[in-house]
Every structure is written in structure tokens, then in C-alpha cells.
Amino acid sequence: MRAEIAGEQSFEIPTELAGTPDVDKLKAQELNLMRLRRVDIESQIEAASDLSRLYGQQVQSLEAKINSQKRQIDLAQKELDNVNSLVSKGPVSNSRQVSVDRGVADAQGTLIDLEVALTTARRGSAKPTVRRSISSTGRTAKTGELLNPRSIWRSAGRRSISGWPSFWASRLATAPSSPR
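Residues numbered from 1 in each chain as written. Predicted model: local features only at pLDDT ≥ 70, side-chain atom pairs only at ≥ 80, totals over all residues. Heavy atoms only, no water.

Peer 1: Looking at this model, I keep getting lost on the overall build of the protein. Mind explaining?
Peer 2: Along the protein, the regular secondary structure elements total five helices and zero strands. Taken from N to C terminus, the helices and strands of the protein fall in the order α-α-α-α-α. Buried positions account for 23% of the 180 residues belonging to the protein. Look at the contacts in the protein between residues 6 or more apart in sequence, and 66% of them connect residues 24 or more apart. With the model as given, the accessible surface of the protein reaches about 12,400 Å², and the carbon-plus-sulfur share is 54%. (Helix = DSSP H or I, 4+ residues; strand = E, 2+ residues; numbered from the N terminus. Buried < 20%, exposed > 50% of the residue type's maximum accessible area, 1.4 Å probe, protein only. Contact = heavy atoms within 4.5 Å. Areas by Shrake-Rupley, 256 points an atom, 1.4 Å probe, with all protein chains shown as cover.)

Peer 1: So what exactly am I meant to see when it comes to the nonpolar core here?
Peer 2: Buried together is how nonpolar side chains tend to be arranged in soluble globular proteins. Counting nine residues, the largest nonpolar core consists of Val59, Leu62, Ile66, Ile73, Ala107, Leu111, Leu114, Leu118 and Ala121. Residue assignment for this core shows that the elements contributing at least two residues are helix 2 (23–89) and helix 3 (94–146). Examining the composition of this core, we find that five residues originate from one element, helix 3, more than from any other. Setting aside its immediate chain neighbours within four residues, Leu114 contacts Leu62, Lys65, Ile66 and Gln69. Core analysis: the next-biggest nonpolar cluster, separate from the first, contains six residues, Ala76, Leu80, Val83 and Val87 among them. (Core = buried A, V, L, I, M, F, W, Y, C linked by side-chain atoms within 4.5 Å.)

Peer 1: For this particular structure, what's the right way to read the pattern of salt bridges?
Peer 2: Under the counting rule described, the total for this entry stands at three salt bridges. Across the pair Asp50 and Arg53 runs a salt bridge, and its minimum N-O distance is 3.8 Å. With Asp50 and Arg53 both in helix 2, this residue pair falls three residues apart, about one helical turn. Relative accessible area serves as the criterion here: at 33%, Asp50 is assigned to the partly exposed category. In this structure Arg53 comes out as partly exposed when scored by relative accessible area, which is 45%. Glu63 is the partner of Arg122 in a salt bridge, and the nearest nitrogen-oxygen pair spans 2.5 Å. On the criterion of sequence distance, the pair formed by Arg122 in helix 3 and Glu63 in helix 2 is long-range, its members being 59 residues apart. (Salt bridge = Lys/Arg side-chain N within 4 Å of Asp/Glu carboxyl O.)

Peer 1: Just to check I follow, could you spell out the packing of aromatic side chains for this structure?
Peer 2: One pair of aromatic rings is described through two measures. These are the centre distance and the angle between the planes. The full count for this structure, using the stated rule, is zero aromatic pairs. Of note, Lys27 hangs over the ring of Phe11, and the distance from its end group to the ring centre comes to 5.6 Å. (Phe/Tyr/Trp six-rings, centres within 6.5 Å; stacked < 30°, edge-to-face > 60°. Lys NZ or Arg CZ within 6 Å of the ring centre and 35° of its normal.)

The following block contains the structure:
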């Protein structure tokens, strides 16, 4: 696990465990687990990056829509001002004034909806960055957790940790003693 924390592709069997039965099989299993965790973490980081990119594109699109909507509101407001002027002089009916006023209000409501969507997209684009940093640092934390004998005991399918000391004692008892 120390090799995984260091970002290495493989590891050496400690001399204390060199004569342990099936040590090569256990090493192969550990190497496979290292590769699987690396692939899992890399795919999570890539997915977060893709999601962040998509949110960025959504933010750009919403900003462009907001600018367009603001122009439409300005034009509708000018039209309303012209209609109000004509209503006061008499050639345009009040129903036209109400219709244009409703159009301005609808455009302003759409602008608010776009601004809410933009805020949501900006919040969403910040989340993948947080997830990406957690994934990048989580690799070491996750690997460090795997160095804990209790975690290894549980990953070996043992639900209760009451027997973990004897499990490791039996492993160490079968390992050749190291010369001192």
C-alpha cells in the first residue's frame, strides 16, 4: 500500500514475508487491486472534469441568453414607451398598451428564470472542482485507510473485527523471521 500512496506501479515483498506460502499470488491480487483503484480514481477525476466543462458551456450559453433577453427587454420597454405616448394622444387603444406591457413583464420574468439557471449552473460547476480535489487527495487517504489492518480484515470478507488480531498473528507466525 505504501507503493500505491507513492504512486508506484508495483512493490517489493518485504523480506519478512518472502517465504510465506502463496505470497506471489497475494502480490498479484494486491497489484490488481492497485490498478483497479487507480482506474476508478482516474475515471472519477475525468468524469468530474467533463462535468465541469459541460457546466462551463452551460454558463456561457446562459450568459449569452441573458444578454439577448436584456436587449429584448430594452426594445420592449422602448415599444411600451412609444405606445404609452400614442395612447395619451389617442390613436392607440389601451388594449395595445396592456399587450405590450404584458410582453415586457414576460420578458423580465424570463430574464429572472435565466439568472436563476445561471446561478444554479455556476454552483454546479464549483462542485466538480471540489469533487476533483477530494478525489485527488482521497487517493492517498483511501490508500492510507487500506494500510489499517482492520480495513484489510473487513475487505477479506470478515464482518466482525473481534478476530482480527489472531488473523494477523497467524499471518506473522507463518512468515519467516527476519535476521537482526
